[in-house]
Amino acid sequence: MSLENAPEEVKLAVDLIMLLEQHEIPTETALAALEIVRQDFLRKREENTSR
C-alpha cells in the first residue's frame, strides 16, 4: 500500500515516528510522552461527547 493512499492515522503515525527518530528521542521518553498525548486526547473526546 502506498503511503499517499493510506488512512490519515497511518500517515500521522509515520510522521510522528520519523519526527521522534530524527530527534533521537529515547524509546521510553517517546512512549511516556505518547501516553500523555493519548490521555489528553481521550479527555478532550470525553468533554466533546458530554456536551
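What this report covers is the structure whose coordinates are included nearby. The structure presented is a predicted model; accordingly, all values stated were derived computationally and were not measured.

Structural notes on the overall build of the protein
- The secondary structure content of the protein amounts to 2 helices and 0 strands.
- Against the globule reference of 10 Å for 51 residues, the protein gives a C-alpha radius of gyration of 14 Å, more extended than a compact globule.
- Its C-alpha atoms give the protein principal-axis dimensions of roughly 40 × 30 × 10 Å.
- Burial status across the protein gives 4% buried among its 51 residues.
- For the protein, the distance from the average position of its 6 positive side-chain charges to the average position of its 11 negative side-chain charges is 10 Å.

Considering unusual backbone geometry
- Its identity is not glycine, yet E24 carries a phi of approximately 50°, on the positive side.
- Examined against the element boundaries, E24 turns out to sit in the loop between helix 1 (8–22) and helix 2 (27–49).
- By relative accessible area, which is 69% here, E24 ends up exposed.

Re the pattern of salt bridges
- Counted under the stated rule, the structure contains 5 salt bridges.
- A salt bridge links E35 to R38, with the nearest nitrogen and oxygen atoms 3.8 Å apart. In this pair, E35 and R38 both sit in helix 2, 3 residues apart, roughly one turn of the helix.
- What makes E35 partly exposed here is its relative accessible area of 37%.
- The exposure class assigned to R38 is partly exposed, which follows from its relative accessible area of 46%.
- We note a salt bridge from D40 to K44, for which the minimum N-O separation is 2.9 Å.

Calculation rules
Residues numbered from 1 in each chain as written. Predicted model: local features only at pLDDT ≥ 70, side-chain atom pairs only at ≥ 80, totals over all residues. Heavy atoms only, no water. Helix = DSSP H or I, 4+ residues; strand = E, 2+ residues; numbered from the N terminus. Rg over C-alpha atoms; globule rule 2.2 N^0.38 Å. Buried < 20%, exposed > 50% of the residue type's maximum accessible area, 1.4 Å probe, protein only. Lys, Arg positive; Asp, Glu negative; His and termini not counted. Charge placed at Lys NZ, Arg CZ, Asp CG, Glu CD. Salt bridge = Lys/Arg side-chain N within 4 Å of Asp/Glu carboxyl O.

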